[in-house]
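Residues per chain are reported as follows:
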Amino acid sequence: MKNKECTRGKTRVLAIVPAYNEEKTVGEVVRGLKLQGVDVLVVNDGSQDRTGEAAAAAGAEVVNLPFNLGIGGAVQTGYRYAATYNYDIAVQVDGDGQHDPACLDQLLEPLLAGEADLVLGSRFLGSAGYRVPLLRRLGMLVFTSIISLLYKRLITDTTSGYRAANKELIHLFAQEYPTDYPEVEVLAQLCFLKKRLKEVPVRMLERAHGSSSITLGRSLYYMLKVSLAIFKNIKWGTEKNAF
């Protein structure tokens with residue numbers, strides 16, 4: 001097996017793992033990422049269980065937020081850490097075990113080659129055959145259609161949280177990042193800013209513990225809120241005020 005640190009040279013890679021009540025899965029996620037030769041930061045987003053302790057025991061650096069900020073605030077905390085400690089690449093990985101750490105190199109490769117600013121792991125490229133619940137699939141279709149219409153860009157997996165950013169975007173996200181349901185807003189704004197986006201096929205796993213918090217009401221709110229945010233950014237977005 002090739003030494004991953006050698007293949008990446010002096011490039012410093014941080015895996016950002018936002019986690020809320022993921023005590024049962026976060027340790028395995030951290031161990032899987034450590035095997036890939038990257039540093040791991042778990043942002044414990046005000047969990048009410050032992051998420052922070054489990055992450056630390058597995059070898060991660062842990063930032064314990066005093067209360068729940070939500071996914072946007074937790075991820076931005078990770079990007080601020082990456083900017084402060086001068087990382088070259090930051091990879092977002094969910095704490096629930098659905099993102100396969102073995103696919104990390106597929107995300108990093110285009111960044112290391114200087115071919116992209118953001119690399120998105122797609123469930124729908126290749127032959128992964130990932131099955132998505134109906135409500136989520138509908139939301140993905142809506143967002144894909146909006147981005148394709150506005151920016152002439154086809155993104156197959158707009159809601160994927162498995163993504164990697166270069167140093168320029170680390171510093172951008174450290175300063176400005178959407179707070180509520182950020183995945184699609186980020187992609188739309190990066191298209192607006194004409195950043196280089198690339199999708200690569202990844203394998204995503206079934207949730208080992210717990211269940212999704214997405215309900216019909218939340219799904220409809222999500223689609224409406226994010227769609228409005230995308231169109232709002234078209235109207236007033238600038239490179240200086242990205243989000």
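The coordinates are above.
Conventions adopted
- Residues numbered from 1 in each chain as written.
- Predicted model: local features only at pLDDT ≥ 70, side-chain atom pairs only at ≥ 80, totals over all residues.
- Heavy atoms only, no water.
- Helix = DSSP H or I, 4+ residues; strand = E, 2+ residues; numbered from the N terminus.
- Buried < 20%, exposed > 50% of the residue type's maximum accessible area, 1.4 Å probe, protein only.
- Contact = heavy atoms within 4.5 Å.
- Areas by Shrake-Rupley, 256 points an atom, 1.4 Å probe, with all protein chains shown as cover.
- Pairing = 2+ DSSP bridges.
- Axes fitted to C-alpha atoms, helices over the stretch in contact; angles between N-to-C directions.
- Expected span 1.5 Å × (residues − 1).
- Right-handed = clockwise from strand over helix to strand, strands pointing away.
- Salt bridge = Lys/Arg side-chain N within 4 Å of Asp/Glu carboxyl O.
- Parallel < 35°, antiparallel > 145°, perpendicular 65-115°, else oblique.
- Left-handed = near helix turned anticlockwise from the far one by under 90°.
- Nonpolar A, V, L, I, M, F, W, Y, C, P; charged D, E, K, R; others polar.
- Phe/Tyr/Trp six-rings, centres within 6.5 Å; stacked < 30°, edge-to-face > 60°.
- Core = buried A, V, L, I, M, F, W, Y, C linked by side-chain atoms within 4.5 Å.

**Q** Describe the overall build of the protein, naming the residues involved and giving the relevant values.
**A** Helices and strands together make up the secondary structure of the protein, namely nine helices and seven strands. Across the 243 residues of the protein, 52% fall into the buried class. Restricting to contacts in the protein with at least 6 residues of sequence separation, those with at least 24 account for 77%. Summing over all exposed atoms, the protein offers an accessible surface of approximately 11,900 Å²; the carbon and sulfur share of this is 54%.

**Q** Which residues make up the sheet that holds strand β5 (residues 118-122), and what values go with them?
**A** Spatially, β3-β2-β1-β4-β6-β5-β7 is the arrangement adopted by the seven strands of the open sheet, whose pairing is mixed. Each edge of the open sheet is held by one strand with a lone partner, namely β3 (61-65) and β7 (197-201). Averaged over all pairs of adjacent strands, the angle between strand axes in this sheet comes to 20°, irrespective of strand direction. In terms of strand pairing, strand β4 (residues 89-92) meets strand β6 (residues 163-165) through three bridges, oriented antiparallel. Residue pairing in the sheet places V91 in a bridge with A164 of β6.

**Q** Help me get a handle on helix α4 (residues 71-84), residues and values and all.
**A** An ideal rise of 1.5 Å per residue puts 20 Å on 14 residues; α4 measures up with 20 Å between its terminal C-alpha atoms. α4 sits mainly inside the fold: 11 of its 14 residues count as buried. Where α4 is concerned, the buried positions are G72, G73, A74, V75, Q76, T77, G78, Y79, Y81, A82 and A83. A positive backbone phi angle near 60° is found at N86, which sits one or two residues after α4.

**Q** Could you give an account of the pairing of strand β2 (residues 39-45), naming the residues involved and the relevant values?
**A** Burial analysis of β2 places six of its seven residues in the buried class, which makes it a mostly covered element. Across six bridges, the pairing between strand β1 (residues 13-19) and β2 is parallel. Bridged to I16 within β2 is L41. Once you follow β1 into helix α2 (residues 26-35) and on to β2, the crossover reads as right-handed. The pairing of β2 with β3 spans five bridges and is parallel. Paired with N44 across the bridge in β3 is N64. With helix α3 (residues 51-57) bridging β2 and the parallel β3, this β-α-β connection has right-handed handedness.

**Q** How would you explain the pattern of salt bridges if you had to name every residue and give the values?
**A** If you walk through the whole model with that rule in mind, you get seven salt bridges. R50 is the partner of E53 in a salt bridge, and the nearest nitrogen-oxygen pair spans 3.9 Å. For E53, a relative accessible area of 42% translates into the label partly exposed.

**Q** Break down the packing of α4 against helix α7 (residues 167-175) for me, citing the residues and quoting the values.
**A** Packing of α4 against α7 brings their axes to within 8 Å, and their N-to-C directions diverge by 130°. The orientation of α4 relative to α7 falls into the category oblique. Helix-helix and strand crossings are classified by hand; for α4 and α7 the assignment is left-handed. Facing Q76, Y79, R80, A82 and A83 of α4, the residues of α7 in contact are I170, H171, F173, A174 and Q175. Per-class residue counts for the contact of α4 with α7 are six nonpolar, three polar and one charged.

**Q** Explain the packing of aromatic side chains to me, using residue names and the numbers behind them.
**A** Within the structure shown, the criterion is met by four aromatic pairs. Aromatic pair Y79 and F173: ring centres 5.0 Å apart, planes at 65°, arrangement edge-to-face. Placement of Y79 in helix α4 and of F173 in helix α7 is noted, with a sequence separation of 94 residues between them. For the pair shown, Y79 and F173 are each scored as buried.

**Q** Describe in detail the nonpolar core, supporting the description with residues and values.
**A** Core analysis: the largest hydrophobic core is formed by 33 residues, its most contacted members being Y79, L118, F173 and L190. The contacts of L190, once residues within four sequence positions are left out, are L118, L169, L172, F173, K195 and L197. Formed by 29 residues, the second largest nonpolar core is a distinct cluster that contains V13, V26, V30 and L107.

The analysis is restricted to geometry; functional conclusions fall outside its scope.
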